[in-house]
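Coordinate inspection notes
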Amino acid sequence: MTGRTIDAGELRRRTQQLLAEHPPATTERTAFLKARFDAGLAWVHYPEGLGGLGAPRSLQAVVDTELEDAGAPDNDPRRIGIGLGMAAPTILGFGTDEQKRRFLRPLWVGEEVWCQLFSEPGAGSDLAALGTRSVRDGDSWVVDGQKVWTSSAHTARWGILIARTDPDLPKHRGITYFICDMTDPGVEVRPLRQLTGEAEFNEVFLSGVRVPDSRRLGEVGDGWKVAQTTLMNERVSIGGMRIPREGGMIGPVAKAWRERPELRTHDLHQRLLSLWVEAEVARLTGERLRQQLVAGQPGPEGSGMKLGFARLNQEISGLEVELLGEEGLLYDDWTMRRPDLVDFTGREAGYRYLRAKGNSIEGGTSEVLLNIVAERVLGLPPEPRTDKDVAWKDLAR
């Protein structure tokens, strides 16, 4: 790039050049996405050569609008959301130059799906108490343990993994962050059937999995610090998704209310009005949060957004079931399936009601997020933590 500042006009010019050289109507989808990445129009705020131009993050909308108007394909962000929203910013922040070049392009294009190997069945909400071990063996690490609630593990090529590398240190300080090849020997993915009948989540068993040291992100023992980047971005991606007015869960309820006047009651009307306003406030707050990201990294505000997202989804889906009465109790298919993505609005009310129950668990439980908001946003005194300086191996289990 020259010394010239990248502004909206320059981005429009570059986008039009991309469209002229790779017409969407005649260019194969993956080829177009690769060309877009190479032109620096994938995420414009990333550095040159890594899908960006070092431009202000706020100008991404200029590119997206131009491409949408031209009918250009997107990278199916819902299918690769973990890679886009969690793995990519972590790799950008802590990866080596070689790691950035190797992983970011196929991640953004959607050639390689990512999953998150964080939660463990024995750790509960205290992720820092994880017990999956990683032991150094020459230029590799040998990993043994179990992960749970792993979305997309059945389709993923790569997993972002945190494991304990020093049990003699306190729980937050003996963790290291790795990139795990999900196709390696010793990685076993088992479906975890949910209340909805589907197995969108998985259990992952790691038995003697060898991870080269070249796939370590950050320094040895700095895994908790690196993981915080992932977690903060995760909560923004879950709770701060860009949606139009009456998008998300409130849309189907409002549509049913308008089209089915025979279902209306005064009480349901009052509840719908209240939740509609809350949903709109949450949507606008999400817009403000995304604008704040332009100036820096996501902070604890994302936890507040995710907290509100979970509560609203559960209340709105409950209202929808009540509004529809007996019809709301119908369920289309209990067949065991392993979907590639979660589709809240493409299914019926019963699915939304059941699936929303998971919103207060995934991406950090609501109880944990309340503590984060209390301590880091409101500045309230932290809860006593007697195990903070105790070696992990000495913790009660």
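Our structure is the block above this text.
Attention in this report is confined to the structure presented alongside it. (Residues numbered from 1 in each chain as written. Predicted model: local features only at pLDDT ≥ 70, side-chain atom pairs only at ≥ 80, totals over all residues. Heavy atoms only, no water.)

This paragraph deals with the overall build of the protein chain. When you go through the protein chain residue by residue, the secondary structure sums to eleven helices and eight strands. Scaling as 2.2 N^0.38, a compact globule of 397 residues should have a C-alpha radius of gyration of about 21 Å, and the protein chain matches this with 22 Å. Dimensions of the protein chain, computed from the C-alpha atoms along their principal axes, are close to 70 × 60 × 45 Å. Evaluated residue by residue, the protein chain yields a buried proportion of 50% over its 397 residues. Pairs at least 24 residues apart make up 71% of the contacts formed inside the protein chain by residues separated by at least 6 positions. (Helix = DSSP H or I, 4+ residues; strand = E, 2+ residues; numbered from the N terminus. Rg over C-alpha atoms; globule rule 2.2 N^0.38 Å. Buried < 20%, exposed > 50% of the residue type's maximum accessible area, 1.4 Å probe, protein only. Contact = heavy atoms within 4.5 Å.)

The next thing to look at is helix 5 (residues 97-109). Over its 13 residues, helix 5 runs 19 Å from end to end, which matches the ideal 18 Å to within 8%, given 1.5 Å per residue. Roughly 25° is the biggest bend found in helix 5, and it falls at Phe-103, with proline Pro-106 one to four residues downstream. All of the buried residues along helix 5 are Gln-99, Lys-100, Phe-103, Leu-104, Pro-106, Leu-107, Trp-108 and Val-109. At its buried positions, helix 5 is contacted by helix 2 (29-38), helix 4 (81-94), strand 1 (114-117), strand 4 (158-164), strand 5 (175-181) and strand 8 (216-217). (Expected span 1.5 Å × (residues − 1). Bend = angle between axes of the 7 residues up to and from the residue.)

What follows deals with the pattern of salt bridges. Enumeration over the complete set of coordinates arrives at 37 salt bridges. Of the charged contacts, one joins Asp-76 and Arg-79 as a salt bridge, the two residues approaching to 3.5 Å between their closest N and O atoms. Its relative accessible area of 28% is what places Asp-76 among the partly exposed residues. Arg-258 serves as the salt-bridge partner of Glu-246, at 2.6 Å between the closest nitrogen and oxygen. On the criterion of sequence distance, the pair formed by Glu-246 in the loop between helix 6 (223-239) and helix 7 (250-259) and Arg-258 in helix 7 is long-range, its members being twelve residues apart. Under the relative-accessibility criterion, Glu-246 is labelled partly exposed at 24%. Using a relative accessible area of 52% as the deciding quantity, one classes Arg-258 as exposed. Via salt bridges that share partners, Glu-198, Asp-332, Asp-333, Arg-337, Arg-347 and Glu-348 belong to a single interconnected network. (Salt bridge = Lys/Arg side-chain N within 4 Å of Asp/Glu carboxyl O.)

As defined by bridge partners, strand 3 (residues 140-147) adjoins strand 7 (residues 201-212) across seven bridges and the pair is classed as antiparallel. Bridging across to strand 7, Val-143 finds its partner in Val-209. Bridge count between strand 6 (residues 187-192) and strand 7: six bridges; the pairing is antiparallel. If you follow Val-187 over to strand 7, its bridge partner there is Leu-206. (Pairing = 2+ DSSP bridges.)

Among the seven residues of strand 4, seven are classified as buried, and the element is accordingly described as predominantly covered. Neither face of strand 4 is left uncovered, since the one carrying Trp-158, Ile-160, Ile-162 and Arg-164 and the one carrying Gly-159, Leu-161 and Ala-163 both have all their residues buried.

Before going further, it helps to spend a moment on the nonpolar core. General note: in soluble globular proteins, nonpolar side chains tend to be found buried as a group. Core analysis: the biggest nonpolar cluster contains 49 residues, and Trp-43 and Trp-114 have the highest contact counts within it. In this structure Trp-114 touches Ile-82, Gly-83, Ala-87, Ile-91, Phe-103, Leu-107, Ser-152, Ala-156, Trp-158, Gly-159, Ile-160 and Ile-179, once residues within four positions along its chain are discounted. (Core = buried A, V, L, I, M, F, W, Y, C linked by side-chain atoms within 4.5 Å.)

Here the structure, examined in full by the defined rule, presents nine aromatic pairs. With centroids separated by 5.5 Å and ring planes inclined at 80°, the aromatic side chains of Phe-103 and Trp-114 adopt a geometry described as edge-to-face. Here Phe-103, found in helix 5, pairs with Trp-114, found in strand 1; they are eleven residues apart in sequence, far enough to count as distant. Assessed through its relative accessible area of 4%, Phe-103 is described here as buried. An aromatic cluster is built from Phe-103, Trp-114 and Trp-158, whose rings are joined through pairwise contacts. The ring centre of Phe-205 lies 4.0 Å from the NZ or CZ of Arg-190, which sits over that ring. Taking NZ or CZ as reference, Arg-347 lies 4.2 Å from the ring centre of Tyr-351, over its face. (Phe/Tyr/Trp six-rings, centres within 6.5 Å; stacked < 30°, edge-to-face > 60°. Lys NZ or Arg CZ within 6 Å of the ring centre and 35° of its normal.)

With that settled, consider the packing of helix 2 against helix 5. Helix-helix packing is characterised by the crossing angle of the two axes and by the distance between the axes. Running from amino to carboxyl end, helix 2 crosses helix 5 at an angle of 135°, the nearest separation of the two axes being 9 Å. Between helix 2 and helix 5, the angle is such that the two are oblique. Crossing angle aside, the handedness with which helix 2 passes helix 5 is right-handed. Contacts between helix 2 and helix 5 involve Thr-30, Leu-33, Lys-34, Arg-36, Phe-37 and Asp-38 on the former and, on the latter, Leu-104, Arg-105, Trp-108 and Val-109. Each residue belonging to the contact of helix 2 with helix 5 can be placed in one class, and the counts come to five nonpolar, one polar and four charged. (Axes fitted to C-alpha atoms, helices over the stretch in contact; angles between N-to-C directions. Parallel < 35°, antiparallel > 145°, perpendicular 65-115°, else oblique. Left-handed = near helix turned anticlockwise from the far one by under 90°. Nonpolar A, V, L, I, M, F, W, Y, C, P; charged D, E, K, R; others polar.)

What follows deals with the packing of helix 4 against helix 5. Helix 5 packs onto helix 4 with a crossing angle of 165° between their chain directions and a minimal axis gap of 10 Å. Viewed along their axes, helix 4 and helix 5 adopt a mutual orientation that is roughly antiparallel. The handedness of the crossing between helix 4 and helix 5 comes out as left-handed. Seen from helix 4, the contacting residues are Gly-83, Leu-84, Ala-87, Ala-88, Ile-91 and Leu-92; seen from helix 5, they are Gln-99, Lys-100, Phe-103, Leu-104, Leu-107 and Trp-108. Here the residues of the contact of helix 4 with helix 5 sort into nine nonpolar, two polar and one charged.

Turning next to a nonpolar patch on the surface. On the surface, a cluster of nonpolar side chains totalling about 280 Å² of accessible area is made up of Val-377, Leu-378 and Leu-380. Looking at the secondary structure, you find Leu-378 in the segment after helix 11 (366-377). (Patch = residues over 30% accessible without salt bridge, like charges linked within 9 Å, V, L, I, M, F, W, Y side chains within 5 Å. Areas by Shrake-Rupley, 256 points an atom, 1.4 Å probe, with all protein chains shown as cover.)

Let's shift gears to helix 11. One full turn of an α-helix is made of 3.6 residues, so residues set three or four places apart face in the same direction. Of all the residues in helix 11, the buried ones are Ser-366, Leu-369, Ile-372, Val-373 and Ala-374. Just downstream of helix 11, Gly-379 is the residue with a positive phi angle, here 75°.

Turning next to the environment of Glu-111. Take Glu-111: it is sitting in the loop between helix 5 and strand 1. For the pair Glu-111 and Ile-80, spaced 31 residues apart in the sequence, the C-alpha separation amounts to 9.3 Å. Look past the residues within four positions of Glu-111 in its chain and what remains in contact with it is Thr-30, Lys-34 and Pro-106. Separated by 3.1 Å, the side chains of Glu-111 and Lys-34 make a polar contact. (Polar contact = N/O pair within 3.5 Å; in protein donor to acceptor, adjacent residues only side chain to side chain.)

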